[in-house]
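Topology and contacts: notes
Here is what each chain is made of, one letter per residue.
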Amino acid sequence: MKEQLQKIKEESLNLIKNIQNIKEIEEIRVKYLGKKGELTSILKGMKDLSNEERPAMGALANEVREEIEKAIENKKTDINEKILEKKLHDERIDVTLKTDELILGHRHPLKKTLEDLEDLFTHMGFTVYDGPEIETVENNFDLLNAPKDHPSRDMSDTFYFDKNTILRSQTSPVQIRAMKEHGAPIRMICSGRVFRSDEVDATHSPMFHQLEGLVVDENISIANLIDSLNYFVKSFFGEDMKTRFRPHYFPFTEPSLEVDTTCPRCGGEGCPSCSHTGWSMELLGCGMVHPNVLRNCGIDPEKYSGFAFGMGIDRIAMVRYQISDIRMMFDNNKKFLEQF
Ligand code: DAH
């Protein structure tokens, strides 16, 4: 039996040495160690040995089995390593090879302007809110204190789905949503698309973008409004930019103001583009939140006051990048977009 074991050992190890692939390994394992394998049948014959012989033979048989198992394991590792090596070699990528030029896109001038505005206002302590483009007449007009006969309510100005539902004509309804949801104090901005039934020309589009802001707290005065907006204008457009506040009318603010800035073309000297006034067209609307609006949102106007503002982002982007026609912003013309 000893010779038999010896022979199995030599023969199997020899075979394993010359194996080339995983499939052959399995065949050899079955041939020697499988249920009907050669070594297994010898082990089965152990019971016929004498009590003296059995322990030594048993030990030897185990040794042989272990050696074969080990040789099989090593061979497996060997073959797998070779496979990996071949794969790495065959599938090698030459990263130094010249490829077609990689063209990365970039942000749209409008998006860039919006993100910069949001950055600035969040830095000033404002939280960014979001509201839907499909709005109720209640949020867009009623709760914003718009009189029943306000012209912007007309079908000819605003897109109606039915008598209660519209495409929002301004971002101001998000003020209502924010105040109703969170009450006072609050300091928020929001931005997004707004829709009006306007004819398309160089400065009008039926869809454009607004940024809205609202601050409500105790002791908020018009001084806070003016200081905050001056800080915004100087940070965004540069220290040399001056502001001019003009009285105006909005239903949701009292008093209401419009803000002009120094003409970016002539720096305030006066030129044809600002009709020689030195001031550019109005930048934003603003005012002190009307007590009715606070009340409509469950905020006590005796305790709280606030200011609000709203501006057209498209127009700001046009001034910033000297774009002369709003339509270019939405045409998706590659030649135009690649300039920014
Ligand atoms: N919603 C106004 C508009 O579309 C802009 C505006 C003016 C917003 C004054 C405000 C504000 O929050 O206080 O013309």
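In every chain, residue numbers begin from 1 and rise along the written sequence. Per-residue local features are limited, in this predicted model, to residues with pLDDT of at least 70; the limit for side-chain atom pairs, both in listing and counting, is 80 or more; totals at the level of whole chains, interfaces and linings are taken over all residues. Each side-chain value is worked out from all heavy atoms of the structure, with water and hydrogens disregarded.

So, about the site of the ligand. A cutoff of 4 Å decides nearness: a residue is near a molecule or strand if any of its heavy atoms lies inside that distance of it. The full set close to the ligand counts 15 residues, and Q170, Q175, R196, Q210 and E212 are the nearest of them. A 3.5 Å cut-off defines polar contacts: any pair of N or O atoms within that distance qualifies, except that in protein one atom must be a possible hydrogen donor and the other a possible acceptor, and neighbouring residues in sequence count only when both atoms are side-chain atoms. Within the side chain of Q170, a nitrogen or oxygen atom sits 2.7 Å from a nitrogen atom of the ligand. Per-residue accessibility takes into account occlusion by the displayed protein chains alone, with areas from the Shrake-Rupley method and a 1.4 Å probe. Alone, the ligand offers 350 Å² of accessible surface; in the complex the protein occludes 89% of this. Each residue is assigned to one of three groups, with Ala, Val, Leu, Ile, Met, Phe, Trp, Tyr, Cys and Pro labelled nonpolar, Asp, Glu, Lys and Arg labelled charged, and all others, Gly among them, labelled polar. For the shell around the ligand, the residue count by class is five nonpolar, eight polar and two charged.

The aromatic pairing rule takes the rings of Phe, Tyr and Trp, using the six-membered ring of Trp, and pairs them if the centres are within 6.5 Å, calling planes under 30 degrees apart stacked, those over 60 edge-to-face and the rest tilted. Going through the model one piece at a time under the given rule, you end up with 11 aromatic pairs. Grouped by ring-pair contacts, the aromatic residues F121, F126, F232, F236, F237, F307 and F309 constitute a single cluster.

Ranked by size, the top nonpolar core spans 35 residues in total, and within it F121, L211, F232, L284 and F309 carry the most contacts. Elements represented by at least two residues in this core include exactly α5 (109-123), β6 (207-217), α8 (222-237), β8 (253-261), β9 (284-289), β10 (305-312), α10 (313-321) and α12 (334-337). Contact definition: two residues touch when any of their heavy atoms are within 4.5 Å. The contacts of F232, once residues within four sequence positions are left out, are L117, L120, F121, F237, L283, L284 and M311. Residues L143, F250, F252 and I299 belong to the second largest nonpolar core, which totals 21 residues. To form a nonpolar core, buried Ala, Val, Leu, Ile, Met, Phe, Trp, Tyr and Cys residues must be joined to one another through side-chain atoms within 4.5 Å. Three labels apply to residues, based on accessible area from a 1.4 Å probe with only protein chains included: buried if under 20% of the type maximum, exposed if over 50%, partly exposed otherwise in between. Segments assigned H or I by DSSP are reported as helices when at least four residues long, segments assigned E as strands when at least two residues long, and all are numbered from the N terminus.

What follows deals with the UniProt feature "binding site: Mg(2+)" (unreviewed entry) in the protein. UniProt positions are given in the numbering used here, feature names are shortened, and annotations may be inferred rather than shown by experiment. The sites that UniProt annotates as "binding site: Mg(2+)" (unreviewed entry) are E254. With respect to the helices and strands, E254 occurs in strand β8. In this structure E254 touches M288 and H290, once residues within four positions along its chain are discounted.

With that out of the way, let us pick up the sheet that holds strand β4 (residues 165-167). Pairing is antiparallel in the open sheet, where three strands are placed in the order β2-β4-β3. Strand pairing shows two members of the sheet lacking a second neighbour, β2 (134-136) and β3 (160-162), which therefore form its edges. Across the sheet, the axes of successive neighbouring strands diverge by a mean angle of 30°, strand direction being ignored. In short, DSSP must find at least two bridges between two strands for them to pair. Taken together, the two bridges between β3 and β4 define a ladder with antiparallel strand orientation. Residue pairing in the sheet places D162 in a bridge with T165 of β4. Note on geometry: axes are C-alpha line fits, over the in-contact stretch for helices, and angles between N-to-C directions span 0 to 180 degrees.

Here the focus is unusual backbone geometry. Residue A184 is joined to P185 through a cis peptide bond whose omega torsion reads -5°. When you line up the elements, P185 lands in the loop between α7 (173-182) and β5 (186-195). Unlike most non-glycine residues, H276 shows phi in positive territory, near 60°. With respect to the helices, strands and loops of the structure, H276 is situated in the loop between β8 and β9. The backbone of Q322 sits at a positive phi, close to 55°, despite the residue not being glycine. Relative accessible area serves as the criterion here: at 65%, Q322 is assigned to the exposed category.

All right, on to the environment of A317 then. Considering the arrangement of structural elements, one finds A317 in helix α10. Distance from A317 to K334, taken between C-alpha atoms, is 18 Å for residues 17 residues apart in sequence.

For the rest of this paragraph, the subject is the state of the cysteines. The disulfide definition used here is simple: a pair of cysteine sulfur atoms within 2.5 Å. On inspection of all chains with the given rule, the structure shows zero disulfides. The structure places no disulfide on C271, whose sulfur is separated from the nearest cysteine sulfur, that of C266, by 3.7 Å. Accessibility expressed as a relative area gives 12% for C271, which makes it buried. For C274, which is in no disulfide, the shortest distance to another cysteine sulfur is to C266 and amounts to 3.7 Å.

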